[in-house]
Amino acid sequence: MAETLGTPPVRRDRITVTRVDGSPDVIVIGGGIAGASVAYEIAAHRSVLLLEAESSLAVHSTGRSAATYIPGHGTAVFRALIRASAPRFAALAEELEAPPFLRPLTVVWAASDEDGERALRQLLTEWATEPDGPHALTGAETAKACPGLRDVRTGAITESAADADAIGLHGAYVRGLRRRGGRVVQGARVTAIARTGDAWRVETPAGTWTAPDVVDAAGSWADIVAAFAGVPKAGLTPYRRTIAISPCTLPAGMPMLIDAAERFYCKPEGETLLLSPGDETPAEPGDARPDELDVALALERVEEALHLGLRSVRTSWAGLRTFAPDRDPVVGPRPEFPGFHFFAGQGGSGIESAPALAALGAAVVTDTQVPADVAVRPEQVSPSRL
């Protein structure tokens, strides 16, 4: 993937700093991809303790992701982070001694009605200056790019997309964190956070720790964690997303298919089809469960588009995707609460933007220079903007 996704950035120094009293410099709260990635990057400069509420890591959104890397996905800020992450995925695989995290995947966007055409025109306008983003197709070209697709008016294609190994990436980050001297404590659900002098005290059933800096990377729980510390919330909203796996006979060369109006998407998953109705249902933080109606909608919409004879699902699940009001990530402190940093609001791009976003977050927390290739400024993602 290094040849198709760009030149890896210069390898970073591996520096571990240990405080004299044995306490960490930085406590990262949340053991999903957000917490694991930013903890790994911070550990190149400071000593880090990663706290996870559950008894296992990555049991919520990270472990339930559809796991794709799609240039052109999301807001302008996320698109820049996704673009910057491409060469970093390859560099991380080498640095963390892991197999490649990305596997090439063609993505086709299809518009089958006026709503879809309207949405696609807007998307193509946003993508116009982004060479790695999707480019327009005629209806006939779209049908050819996605075998079996019917009743399509127009479309677009992304040929630089990829399937992402979310669990492999997360595991590599955790191994890398430990290699850099970081500590991981599971079953450590935060019960209280308080400012004590120039440090923050974090209490959990597994123990109490203090550190000058805390990073709130708790995903759907991020605003709850902030409230424990008396820090104003960032206005983060979790939304349920449903995914199912359906057995079927896939056409040869089947790409990932996304409805331009975001009413469904699907992609090959071995000899089955992964599908989703693209639902966004506001939900409370917790163990998300799929709604039977959403599963049925996914089957109905994909079958209407592709006529694959979909009748049932082998399994289904749901995860929470957490967004700020403007749908950009939230990274950094509020000026009146020094040392308490948000690292949240990754929405549906937590995996595909992880390498660049973690580098940005680590630079903010450690007050070091943002790497030039990241191309997103700290003020663009600061909670102060909200």
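Heads up: the structure comes first, above all this text.
The sections below set out a description of the structure shown in this document. (Residues numbered from 1 in each chain as written. Predicted model: local features only at pLDDT ≥ 70, side-chain atom pairs only at ≥ 80, totals over all residues. Heavy atoms only, no water.)

1. So, the sheet that holds strand 10 (residues 192-196)
Pairing between the strands of a sheet is mediated by backbone hydrogen bonds and can be parallel or antiparallel. On the basis of which strands lie adjacent, the open sheet formed by three strands has the order 10-11-12 and antiparallel pairing. Edge positions in the sheet fall to strand 10 and strand 12 (207-211), since each has one partner strand and no second. Adjacent strand axes in the sheet meet at a mean angle of 20°, parallel and antiparallel pairs treated alike. (Pairing = 2+ DSSP bridges. Helix = DSSP H or I, 4+ residues; strand = E, 2+ residues; numbered from the N terminus. Axes fitted to C-alpha atoms, helices over the stretch in contact; angles between N-to-C directions.)

2. A few points about the packing of helix 2 (residues 33-42) against helix 9 (residues 354-366)
The interhelical angle for the contact between helix 2 and helix 9, taken along N-to-C directions, is 55°, at an axis separation of 8 Å. One way to sum up the angle between helix 2 and helix 9 is to call them oblique. In the crossing of helix 2 with helix 9, the sense of the turn from one axis to the other is right-handed. Residues Ile-33, Ser-37, Val-38, Glu-41 and Ile-42 of helix 2 pack against Ala-354, Ala-358, Ala-359, Gly-361, Ala-362, Val-365 and Thr-366 of helix 9. Within the contact of helix 2 with helix 9, the residues separate by chemical class into eight nonpolar, three polar and one charged. (Parallel < 35°, antiparallel > 145°, perpendicular 65-115°, else oblique. Left-handed = near helix turned anticlockwise from the far one by under 90°. Contact = heavy atoms within 4.5 Å. Nonpolar A, V, L, I, M, F, W, Y, C, P; charged D, E, K, R; others polar.)

3. Some thoughts on the side chain of Asp-259
Here Asp-259 lies in strand 15 (residues 256-259). Residue classification places Asp-259 among the buried positions, given a relative accessible area of 3%. Among the polar contacts listed, one links the side chain of Asp-259 to the side chain of Arg-263, at a separation of 2.9 Å. Each residue touching Asp-259, except ones within four places of it in the same chain, is listed here: Ala-110, Ser-112 and Phe-264. (Buried < 20%, exposed > 50% of the residue type's maximum accessible area, 1.4 Å probe, protein only. Polar contact = N/O pair within 3.5 Å; in protein donor to acceptor, adjacent residues only side chain to side chain.)

4. A few points about the sheet that holds strand 8 (residues 162-164)
In spatial order, the strands read 3-8-4; together these three strands make up an open sheet with antiparallel pairing. Unpaired on one side and paired on the other, strand 3 (68-69) and strand 4 (102-104) mark the two borders of the sheet. Across two bridges, strand 3 lies against strand 8 in antiparallel orientation. Across the sheet, the residue bridging to Thr-68 is Asp-163, located in strand 8.

5. Quick look at the nonpolar core
By size, the foremost hydrophobic cluster in this structure holds 56 residues, and its most contacted members are Val-28, Ile-42, Leu-81 and Leu-360. Looking at this core, the elements with two or more residues in it are strand 1 (26-29), helix 2, strand 2 (48-52), helix 3 (76-95), strand 8, helix 6 (166-179) and helix 9. Once you skip the residues sitting within four places of it in the chain, Val-28 turns out to touch Gly-35, Val-38, Ala-39, Ile-42, Val-48, Leu-49, Leu-50, Leu-51, Val-215 and Ala-217. Among the nonpolar cores identified, the runner-up in size contains 26 residues, and Ala-211, Val-225, Ala-229 and Val-231 belong to it. (Core = buried A, V, L, I, M, F, W, Y, C linked by side-chain atoms within 4.5 Å.)

6. Quick word on helix 8 (residues 292-306)
Its 15 residues place the ends of helix 8 21 Å apart at the C-alpha level, agreeing with the 21 Å of an ideal helix rising 1.5 Å per residue. Where helix 8 is concerned, the buried positions are Asp-294, Val-295, Ala-298, Leu-299, Val-302, Glu-303, Ala-305 and Leu-306. Around the axis of helix 8, the buried residues are gathered within 165° of arc, so they sit on the same side. Of the exposed residues in helix 8, the ones pointing more than 90 degrees away from its buried face are Glu-292, Leu-293, Glu-300 and Glu-304. (Expected span 1.5 Å × (residues − 1). Arc of directions from axis to C-beta.)

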